[in-house]
Structure formats: structure tokens, C-alpha cells
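Each chain is listed here by its residues.
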Amino acid sequence: MSESFNLHGRRDFLKKMTAFGAVAAAGLKTKSAYDPSAKFEIKVSEVELRRTAAGRTLMARVYQPIGQPAGTGPFPTILDLHGGAWNAKDRHAEEPMDRALAAGGALVVAIDMTLAPEAPYPACVQDANYAVRWLKWKAASWNGDPSTIGVYASSSGGHVAELLGMRPHDARYNAIPLTGAPKTDATVGYIAMRSPVSDPYARFQHAEKMKRDAMIKNHITFFKPWETIFESNPQQILDRREKVTLVPLLIMQGALDDNVLPAVQEKFASSYKAAGGQCQFQVFEGCEHEWVATPGPQTDRAREMVKAFIARQLA
């Protein structure tokens, strides 16, 4: 009697442990983590994101970690939004950073966005909003985790990212339908930025003061009608105390930046924290606006800082 009881008890125990192991394994597979010290090989491919009303194809450049034992992943998913004063550049702009983040074990997808001469604000914000929803739909096909989308952005791409993070449900930004996943939202988990244009009107005023005609034109081309430079101004959105979503931010700022002034950036970081958001604001001494484009210790430091920030958000 006792032997039979022990046999059945052991079977029940083994069944429970097997079931527990399956659940645990499933949990491990769906929870993405990020190890800044990891060294993955990277596969780079390109796919079509969407076509604009003017007929231009916006492409997405996919940096996928590979080369580790089968079953590794899914990987954290990061959307890269390029700079270029809303008027220039494309998905290739931040390739060194994208490769560095992917090497740590992240699926990184850099996208083209509509440029101001093609269509003014909010066209590129709509592209970014669409891209978040599209990534949530597509990330799994590249072994990415669609549950939490992070953003890396530079300069004017940082302006787009801040609007994306603060207004994920704005009907104007959600205007491009995603037929494959119509109920998917554009919320993001965190945003890391280099030299974001957090106050475009302040940058415009500085360009006027410095008589930088090209930069003045970039603003006038993008903000049409002109009042949108205030409506879409992240600093002024906080000043107006609009109801916004406050995701964790990392802002990296060059101390010698004469494009986006450090004092303007510091004001935004302080306002964001005062509104209840988390914001890591880091000044890089001796660095200008696009210092990460040049190899060196401060560029390496910026890459490691972004990696560490991502790891903390996913811990």
C-alpha cells in the first residue's frame, strides 16, 4: 500500500515538475533581456516599410543578431529614427550605433521617414508611429520581442521620438492604417537619444541669431503652418501641462553643441522630471552635435551608455 502510494505520488510530482518546467521555459522565451557585454554576429537585410502618398518607398534596415546557440531570443526590439533637421538623411545615418546595439543582442530596425520637402509635420511622426505598430506586428519574424519596443533617435529624430513617446494615441499620428494588425497601438517602452531637438523654436531662434540660413529654411519647410512649431514643441507641451505619456528617457548632449544648446536641453530634462517622468541627462564634455559620427572614446562611451540604459529598462 505504501509502495503504491509512493509510486503514484512520485508520478504526480514528476508531472507537476514537467508542467512547471514548460511554463518556466515559455516564460524565459518570451521575456527579452539585454546584455551590453554580449557579442553577437549580425545579419543585415532590408524590407519595404511603406509607400508615401507621393509614391516614394520608405525602407527599413534590419540588424538581426545571429550566431548564438539555437533557441536564443527573442531579442529586445529597437526602432532607430534618424536626424537630418527633418529635411535630409535616411535609415543609414546611425549605422555604427545600430550595429553596436544589435551586437549586444537587440533587433534594431532603422527606417526612412518622409522628408519635409515631400510633406511637412506631422508626416514623419506618422511614419514613426506606423513603424512602431508595424514592428510589433513583424518583430517576431526576425526573432524580436514585440512586447516592448524601444527607440533610439538622433537630433530631429529625437524630436519625432519625443512626440511619439508623449502622444502615442494621438489620432493625427495614428493616421496611417496598418491593415495587418489594425488594433495594435504605438506605445513604446523607453527612448534613448543623442542631441534631440527638444525645443525646435529655441533652435530656430538660435539659428536666426547665428544667421544660419539653411537651418532657418529647414524649420520653415517642416513647420507648415508655422504655428505647428509651438503645437509640436516637446518643451512647450510640458510647459502647457498637456496630458502626456512619460516613458523613461536617456538624453546624451554634447557640451560644445552649437546646434542644440546644452542649456535648452537641460531645461527640457528638468521639465520632464518635474512632470513625473524619468530622464537620465548626460553631458559629454568636449563634444559637438554629431560627435558619435567620429570614432573615439566619447563615441564608445555613448554606445555603452545606450546599451546600459536599455539593459536597465529590460531588467
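Quick look at the structure, then. Note that the structure is a prediction, hence the values are computed from the model and not measured.

### Remarks on the pattern of salt bridges
Opposite charge on two side chains permits pairing when their charged atoms draw close.
Okay, step 1: What the rule picks out here adds up to 18 salt bridges.
Okay, step 2: Between Glu95 and Arg99 there is a salt bridge, with the nearest N and O atoms lying 2.9 Å from each other. Of this pair, Glu95 and Arg99 are both found in helix 2 (residues 95–103), 4 residues apart, which corresponds to roughly one turn of the helix.
Okay, step 3: On the basis of relative accessible area, Glu95 is assigned to the buried category, the value being 16%.
Okay, step 4: Residue Arg99 is classed as partly exposed on the basis of its relative accessible area of 35%.
Okay, step 5: Between Glu231 and Arg167 there is a salt bridge, and its shortest N-O distance comes to 2.7 Å. With Glu231 in helix 7 (residues 228–231) and Arg167 in the loop between helix 4 (156–166) and strand 6 (190–194), this residue pair connects regions lying 64 residues apart in the sequence.
Okay, step 6: Among the residues examined, Arg167 registers a relative accessible area of 9% and is labelled buried.
Okay, step 7: Look at the salt bridges and you will find they share partners, linking Glu46, Arg61, Arg91, Glu95, Arg99 and Asp112 into a network.

### A closer look at the pairing of strand 4 (residues 107–111)
Okay, step 1: Counting buried residues in strand 4 gives 5 out of 5 residues, a clear majority hidden from the surface.
Okay, step 2: Neither face of strand 4 is open: one carries Leu107, Val109 and Ile111, the other Val108 and Ala110, and all of them are buried.
Okay, step 3: Taken together, the 4 bridges between strand 2 (residues 57–66) and strand 4 define a ladder with antiparallel strand orientation. Within strand 4, the residue paired with Arg61 across the bridge is Ala110.
Okay, step 4: Strand direction decides the pairing type here: strand 3 (residues 75–81) and strand 4, joined by 5 bridges, are parallel. Following the sheet pairing, Leu81 is matched in strand 4 by Ile111.
Okay, step 5: Following the chain from strand 3 across helix 2 to the adjacent parallel strand 4, one finds a crossover that is right-handed.

So, how was this worked out
- Residues numbered from 1 in each chain as written.
- Predicted model: local features only at pLDDT ≥ 70, side-chain atom pairs only at ≥ 80, totals over all residues.
- Heavy atoms only, no water.
- Salt bridge = Lys/Arg side-chain N within 4 Å of Asp/Glu carboxyl O.
- Helix = DSSP H or I, 4+ residues; strand = E, 2+ residues; numbered from the N terminus.
- Buried < 20%, exposed > 50% of the residue type's maximum accessible area, 1.4 Å probe, protein only.
- Pairing = 2+ DSSP bridges.
- Right-handed = clockwise from strand over helix to strand, strands pointing away.

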